[in-house]
Each structure stands twice: as structure tokens, then as C-alpha cells.
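# Summary of structural features
Here is how the chains run, residue by residue.
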Amino acid sequence: MSRIRSALRRTALVTIGAAAVFGAAAGQAVAAPPPSDVGVQVIGGTRAAQGEFPFMVRLSMGCGGALYTPSIVLTAAHCVSGTGNNTSITATAGVVDLQSSSRITRRSTYVHQAPGYPNGDDWALIKLNSPITNLATLPIATSTAFDSGTFTVAGWGAATEGGGQQRFLLKANVPFISDTQCRSASGYSGLIAAEEICAGNWNSGGVDTCQGDSGGPMFRRNNNNAWVQVGITSWGIGCARPQAPGVYTQVSTFASAIASAAASLP
Ligand code: ARG
């Protein structure tokens, strides 16, 4: 792991810490976006419709996640502090509006942080205190078959680089970027090709995930037109900059490790 990558991880953690403080100070009361923000977002996306991505979860430390099973959230390793019993995380689901009275909340009971993290392996599982049985889960890609094309990303993170967290879920489409091209970007030489997948508009930027979207899923349709998760929002240099893609944990690489960890969660 290069020093650049270490620095990036630290930056990500500091940002999450800030988001967590903000979340704690304001509770769920993330400020409503001013009218000028409507229609501009994740970065360069639009608002998701209620029920469009039922598997989306907002985590109280300021990250996203996806329902892997009714009682397990898949998120990023850099969003959690380690493996073990953990009752400190609140998961909010079932709504695009985090302030909606119909939101579903659960408390964490246990966290499994990928053992290889921080040398890659940016994934983690959070066990919930009771299952959320009425929401569709998001199956993960078990082969590289869907690790290309156009992906969808979603989250409540910043809608501009350095901007605030969002009250309403935002979504955007981002094209796949090859490992070779991604690695050629300034600051991306530490890219782990087998474990990470890049996406964004290479030439123009403008569409991306950003701080607070970490841990959320990157997904696309499979051959049956069902959503399948191919990535976990991990890192990037800034957000939505040209020639600085978003980097996502390559879920297919870890599919069997994720499945066996999920099967043995306490
Ligand atoms: N590490 C960030 C987080 O903690 C996610 C950054 C994603 N950046 C990007 N340019 N796609 O929320």
C-alpha cells in the first residue's frame, strides 16, 4: 500500500468523522437542500423516487450501505472502526427522505470489517438488531460479468465537492473506466486492479459519488433486468473532477468472502 493510498484513507476517515459529528449534532435533521440544489447532485445526478432503490441504507456515521440480507448491511470497511459487537450504529432505510416519519430504523449489533483492510478490502458487514423484512435486498455480483457498462450510484452524500450531506437520496449514472485508464490518473497509481473498479466521465467529470456516499452501492441491471451490486463507494481525488474517477470496491472479487462472513456473523 502506497503512502498516497494511506493518506487517502486517512482523509476519508477524517471526512467521515466530520459527517458523524454533523449527524450527531443535527440528529437526522440534515438540512433541506435550498431550491438551487434541487436537481444537481450525488454529483451531477437527480433525486431518486421513493421506492426506486429499496435496498439503500443511510448509516449514522455518515455513510451509505445496501441491504445484503434483511438483517445485514454491506458497506465500506473505512466506514467502520473494526470487527466486533457494536451497538453504536443506526441504520435508516425505506425512505428517500431521511426525515420522513415512515423511515425504518435499526440499531447495529455486530460489525465485520474485512480482515485485509486497509490494504484494499474496503468492505464491511453490519448486523442489524432485527431484520427489515419488507424491503428488497440487493444481490451482489458473483462474477465479473457485470463489471463494465454503465452503473448507477446513489447516496445522501455531498452534492458538490466540499458540500453538505443531503436530506433526499440522490442518484446518477456513471460509465465504467478501465483499470489501465484509471491508474493513469494523477493520484491513482495505488489502484488495486483486482479489487477496485473505477467509474465516471473521464474527459469531463461532472458526475460522481462524493464524501458521505462511501459504503453505498454501485449497481446495474443483470440479464434478467434485476439490480446487481458491482461496487461499494470507496474513494476518489476530490469529486467529479475530470480525469479523477470514483473508485469502488470490486464486489465480484469479494463475493465469496462476503457470503461466508455473512453466514458466520453472530
Ligand atoms: N471516501 C468518501 C467517503 O467517505 C467517498 C469518496 C468518493 N469519491 C469520489 N470521488 N467518488 O464518503
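Each remark here, short or long, concerns the structure printed above.
What you see as residue numbers is a count from 1 along each chain, following the sequence as written. Given that the model is predicted, a residue must reach a pLDDT of at least 70 before its local features are reported, and side-chain atom pairs must reach 80 or more before they are shown or counted; all residues, however, enter totals for whole chains, interfaces and linings. Calculated side-chain values reflect all of the structure's heavy atoms, with hydrogen atoms and water omitted.

## Quick word on the pairing of strand S10 (residues 170-177)
To keep things clear, this is the line we draw: DSSP-based pairing: two strands are paired if at least 2 bridges between them are found. A run of DSSP states H or I qualifies as a helix once it reaches four residues; a run of E qualifies as a strand once it reaches two. Both are numbered from the N-terminal end.
As paired elements, strand S1 (residues 46-47) and S10 share two bridges and run antiparallel to each other. Bridging across to S10, Thr46 finds its partner in Lys171. Note: strand S9 (residues 150-155) against S10, six bridges, orientation antiparallel. Note on S10: the bridge partner recorded for Thr152 is Asn173. Of the pairings in the sheet, the one linking S10 to strand S11 (residues 196-199) comprises two bridges and is antiparallel in character. The residue of S11 that forms the bridge with Phe176 is Ala199.

## Re the site of the ligand
For clarity, the cut-off: Near, as used in this document, describes a residue that has one of its heavy atoms within 4 Å of the molecule or strand being considered. Polar contact is the term for a pair of N or O atoms within 3.5 Å; when the atoms are in protein, one must be able to donate a hydrogen and the other to accept it, and sequence-neighboring residues count only if both atoms are side-chain atoms. With residues, only the protein chains shown are counted as cover, and all accessible areas are computed by Shrake-Rupley using a 1.4 Å probe.
Around the ligand sit 17 residues in total, of which Asp208, Thr209, Gly212, Ser214 and Gly238 are the nearest. Between the ligand and the protein, one listed contact pairs a nitrogen atom with a side-chain N or O atom of Asp208 at 2.7 Å. One of the backbone nitrogen or oxygen atoms of Gly212 is found 2.7 Å away from an oxygen atom of the ligand. Bound to the protein, the ligand loses 99% of the 350 Å² it would expose on its own.

## Digging into the state of the cysteines
Applicable threshold: Whenever a pair of cysteine sulfur atoms sits within 2.5 Å, that pair is classed as a disulfide.
With the rule as written, the count across this model stands at three disulfides. Between the sulfur of Cys210 and that of Cys239 lies a disulfide, 2.0 Å long from S to S. Sign of the S-S torsion, about 80 degrees for the bond between Cys210 and Cys239, identifies this disulfide as right-handed. Taken as a pair, Cys210 in the loop between S11 and strand S12 (217-221) and Cys239 in the loop between strand S13 (227-235) and strand S14 (246-250) lie far apart in primary sequence, 29 residues in all.

## Looking at the side chain of Asp97
Condition: Contacts between residues were defined by any pair of non-hydrogen atoms, one from each residue, lying within 4.5 Å.
Relative to the elements of secondary structure, Asp97 occurs in the loop between strand S6 (90-93) and strand S7 (104-113). Only 2.7 Å separates the side chain of Asp97 from the side chain of Arg167, close enough to count as a polar contact. Look past the residues within four positions of Asp97 in its chain and what remains in contact with it is Arg167 and Phe168.

## Section: the nonpolar core
Defined as follows: The term nonpolar core refers to a set of buried residues drawn from Ala, Val, Leu, Ile, Met, Phe, Trp, Tyr and Cys, joined through side-chain atoms within 4.5 Å. To sort residues, take the accessible area from a 1.4 Å probe on protein chains only and compare it with the maximum for the residue type: under 20% means buried, over 50% means exposed, and anything in between is partly exposed.
Ranked by internal contacts, the top residues of the largest apolar core, which has 47 residues, are Leu59, Trp123, Leu125 and Ile126. At the level of secondary structure, the elements contributing two or more residues to this core comprise strand S2 (56-59), strand S3 (63-69), strand S4 (72-75), S6, S7, strand S8 (124-128) and helix H3 (251-263). Among all residues touching Trp123, those that are not within four sequence positions of it are Leu74, Thr75, Ala76, Ala77, His112, Gln113, Ala114, Ile232, Phe254, Ala257, Ile258 and Ala261. Core analysis: the second largest hydrophobic core is formed by 16 residues, Val153, Val207, Met218 and Val228 among them.

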